[in-house]
Amino acid sequence: MTNATGKINLLGLTQPKMEAFFDSLGEKRFRAGQVMKWIHHFGVDRFEDMTNVGKVLREKLDACAEIRPPEVVSEDISKDGTRKWVIRVASGSCVETVYIPQNGRGTLCVSSQAGCALDCSFCSTGKQGFNSDLTVAEIIGQVWVANKSFGTIPAKSDRAITNVVMMGMGEPLLNFDNVVDSMLLMMDDLGYGISKRKVTLSTSGVVPMIEKLGEITDVALALSLHAPNNELRNQLVPINKKYPLEVLLPACNRYIARLGDKRVLTIEYTMLKDINDQPEQANEMIELLRNTPCKINLIPFNPFPHSGYERPSNNSIRRFQDMLHKAGYQVTVRTTRGEDIDAACGQLVGQVMDRTRRSERYIALRELSADEPVTVQPFVSER
């Protein structure tokens, strides 16, 4: 991607694209590997610091290219060690990136869009509306920023970031090409060298793109399910109206089947008090996933203002987990992390210059109901 002065940002180039760039300059292809190591292994953003690159080439690069990470607006650190960066992207909006340390593992939750084009009812990001897709440099730049902030350069040393999940702001499969290139850089040994098993893409269910993803890469896949039947999922995850469960789950199964190696689908299920946390929904889920190799991650709802939802009781969560576990499923309950800095799952909001005007409508609706308690009726299946 070039900027206003016509310079190309090398931060966002995969290895094949970096080689093509050096071809266009009449330079040897091995220069691509040299420069990629400087950028991603050593966190260098100035050509003059690349000591094994000749002065003439450095000057040539300086004239036509740059290494431009996204601007860090702020960095907050939670009392539990979670970190959150607010990052400004080219559109003027701000997105959020979260690092979660736990049990010797460091997971970076990366955003793919400024805002989100989907409108899942329990997610604060969706209430902000949508502004733009992030470029490859803006997506991989989040890894670059976090990696450099920990002082874990070069990459061969023990790194704080062991896993990356495309679970931040946005629906990754609606920014397909840029997300795929970013994940390739995450896994490339000239990039961040993260195992394909430890790079996870989470989707709300964009079926055609799940099929396309399986033709290109073999990263781990997570499905934001949140409901065990179409009626309830239509309310919580509106894209289900276009790609219902009878279409979505077979697509996920086909993707997982291509991976082999006993790999499974991760099911993400945000638990909402009296909405989807009852034994009836647990039984429906047991039946729904019977033929899907999966592990289930239950996510207690993290409240945000005027959401209309509440976190279930610990007893309800344990009961739901026990029912799934007794049915033979591997089930974990996600520990809420970073809540004191609004970095918990579903709480990312950024500062989105909303093109959809959804945020305006949401604020107007919120003001109309300000004098009345917000209530959400429990869902009761008619089946």
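- As named in an unreviewed UniProt entry, the protein chain is Dual-specificity RNA methyltransferase RlmN, taken from Halopseudomonas pelagia.
- The record in UniProt for the protein chain states the following under Sequence similarities (unreviewed entry): "Belongs to the radical SAM superfamily. RlmN family."
- The annotation that UniProt attaches to the protein chain under Subcellular location (unreviewed entry) is "Cytoplasm".

Concerning the overall build of the protein chain
Part 1 of the argument: Each helix and strand in the protein chain was counted, giving twelve helices and 14 strands.
Part 2 of the argument: Sequence separation of 24 or more characterises 68% of the internal contacts of the protein chain that already satisfy a separation of 6 or more.
Part 3 of the argument: On the protein chain, roughly 17200 Å² of surface is accessible, and the fraction owed to carbon and sulfur atoms is 49%.

Points about the pairing of strand S6 (residues 105–109)
Part 1 of the argument: For S6, the buried fraction is high: four of the five residues fall into the buried class.
Part 2 of the argument: With five bridges connecting them, strand S5 (residues 94–102) and S6 associate as antiparallel partners. Residue pairing across strands places Ile-100 opposite Thr-107, the latter belonging to S6.
Part 3 of the argument: Two successive antiparallel strands, S5 and S6, enclose a turn made up of two residues, where Asn-103 displays a positive phi of approximately 50°.
Part 4 of the argument: Bridge count between S6 and strand S9 (residues 163–166): three bridges; the pairing is parallel. Among the inter-strand pairings, Leu-108 is bridged to a residue of S9, identified as Val-164.

Some words on the pairing of strand S4 (residues 83–88)
Part 1 of the argument: Burial runs high along S4: five of the six residues are buried.
Part 2 of the argument: One ladder, built from six bridges, connects strand S3 (residues 71–77) with S4; its direction is antiparallel. Following the sheet pairing, Glu-71 is matched in S4 by Arg-88.
Part 3 of the argument: Once S3 ends, the chain turns through five residues before running back antiparallel as S4, passing Gly-81 with a positive phi of about 95°.
Part 4 of the argument: Across six bridges, S4 lies against S5 in antiparallel orientation. Note on S5: the bridge partner recorded for Arg-88 is Cys-94.
Part 5 of the argument: Linkage of S4 to S5, two consecutive antiparallel strands, is achieved through a turn of five residues, within which Gly-92 is found at a positive phi near 100°.

So, the pattern of salt bridges
Part 1 of the argument: Throughout the structure, instances matching the rule amount to 16 salt bridges.
Part 2 of the argument: Across the salt bridge formed by Glu-48 and Arg-46, the nearest N and O atoms sit 3.5 Å from each other.
Part 3 of the argument: Put simply, Lys-273 and Glu-310 hold a salt bridge, and the shortest N to O gap is 3.5 Å. One end of the pair, Lys-273, is in the loop between strand S12 (265–271) and helix H10 (279–288); the other, Glu-310, is in the loop between strand S13 (294–300) and helix H11 (314–326), with 37 residues separating them in the sequence.
Part 4 of the argument: For Lys-273, a relative accessible area of 37% translates into the label partly exposed.
Part 5 of the argument: You can call Glu-310 partly exposed: its relative accessible area is 48%.
Part 6 of the argument: Shared partners join several salt bridges into a network, and the residues in it are Glu-19, Asp-23 and Arg-29.

Here we look at the UniProt feature "binding site: [4Fe-4S] cluster" (unreviewed entry) in the protein chain
Part 1 of the argument: The residues that UniProt annotates with the feature "binding site: [4Fe-4S] cluster" (unreviewed entry) are Cys-116, Cys-120 and Cys-123.
Part 2 of the argument: Within the secondary structure layout, Cys-116 lies in the loop between strand S7 (113–115) and helix H4 (124–127).
Part 3 of the argument: Positionally, Cys-120 belongs in the loop between S7 and H4.
Part 4 of the argument: Residue Cys-120 is classed as buried on the basis of its relative accessible area, which comes to 10%.

Describing the packing of aromatic side chains
Part 1 of the argument: This structure, assessed with the given rule, holds six aromatic pairs.
Part 2 of the argument: Ring centres of Phe-301 and Tyr-309 lie 6.0 Å apart, and the angle between their planes is 75°; this geometry places the pair in the edge-to-face category.
Part 3 of the argument: When its relative accessible area of 2% is taken as the criterion, Phe-301 is described as buried.
Part 4 of the argument: A relative accessible area of 13% places Tyr-309 in the buried class.
Part 5 of the argument: In this structure an aromatic cluster arises from ring pairing among Trp-85, Tyr-99 and Phe-150.

Quick word on the packing of helix H6 (residues 176–187) against helix H7 (residues 207–216)
Part 1 of the argument: Two elements in contact, H6 and H7, have axes whose closest approach is 12 Å; the angle formed by their N-to-C orientations is 35°. In terms of crossing hand, the pair formed by H6 and H7 is right-handed. Across from Phe-176, Asp-177, Val-180 and Met-183 in H6, the residues of H7 making contact are Met-209, Lys-212, Leu-213 and Ile-216.
Part 2 of the argument: For the contact of H6 with H7, the per-class residue count stands at six nonpolar, no polar and two charged.

Here we look at the nonpolar core
Part 1 of the argument: Formed by 102 residues in total, the largest nonpolar core has its most connected members in Leu-10, Met-18, Met-183 and Ile-296.
Part 2 of the argument: Those residues in contact with Leu-10, other than ones at most four positions away along the chain, are Met-18, Phe-21, Val-35, Ile-39, Phe-47, Ala-65, Glu-66 and Ile-67.

Comments concerning the side chain of Asn-276
Part 1 of the argument: Relative to the elements of secondary structure, Asn-276 occurs in the loop between S12 and H10.
Part 2 of the argument: Side-chain polar atoms of Asn-276 contact the backbone oxygen of Thr-270, separated by 2.7 Å.
Part 3 of the argument: Within the structure, Asn-276 has its side chain in polar contact with the backbone nitrogen of Leu-272 (distance 2.7 Å).
Part 4 of the argument: Asn-276 has contacts with His-226, Leu-232, Leu-236, Tyr-269, Thr-270, Met-271, Gln-281 and Phe-320, leaving out every residue within four places of it along the chain.

Reading guide: rules and limits
Residues numbered from 1 in each chain as written. Predicted model: local features only at pLDDT ≥ 70, side-chain atom pairs only at ≥ 80, totals over all residues. Heavy atoms only, no water. UniProt positions renumbered as here; feature names shortened; annotations may be inferred. Helix = DSSP H or I, 4+ residues; strand = E, 2+ residues; numbered from the N terminus. Contact = heavy atoms within 4.5 Å. Areas by Shrake-Rupley, 256 points an atom, 1.4 Å probe, with all protein chains shown as cover. Buried < 20%, exposed > 50% of the residue type's maximum accessible area, 1.4 Å probe, protein only. Pairing = 2+ DSSP bridges. Salt bridge = Lys/Arg side-chain N within 4 Å of Asp/Glu carboxyl O. Phe/Tyr/Trp six-rings, centres within 6.5 Å; stacked < 30°, edge-to-face > 60°. Axes fitted to C-alpha atoms, helices over the stretch in contact; angles between N-to-C directions. Left-handed = near helix turned anticlockwise from the far one by under 90°. Nonpolar A, V, L, I, M, F, W, Y, C, P; charged D, E, K, R; others polar. Core = buried A, V, L, I, M, F, W, Y, C linked by side-chain atoms within 4.5 Å. Polar contact = N/O pair within 3.5 Å; in protein donor to acceptor, adjacent residues only side chain to side chain.

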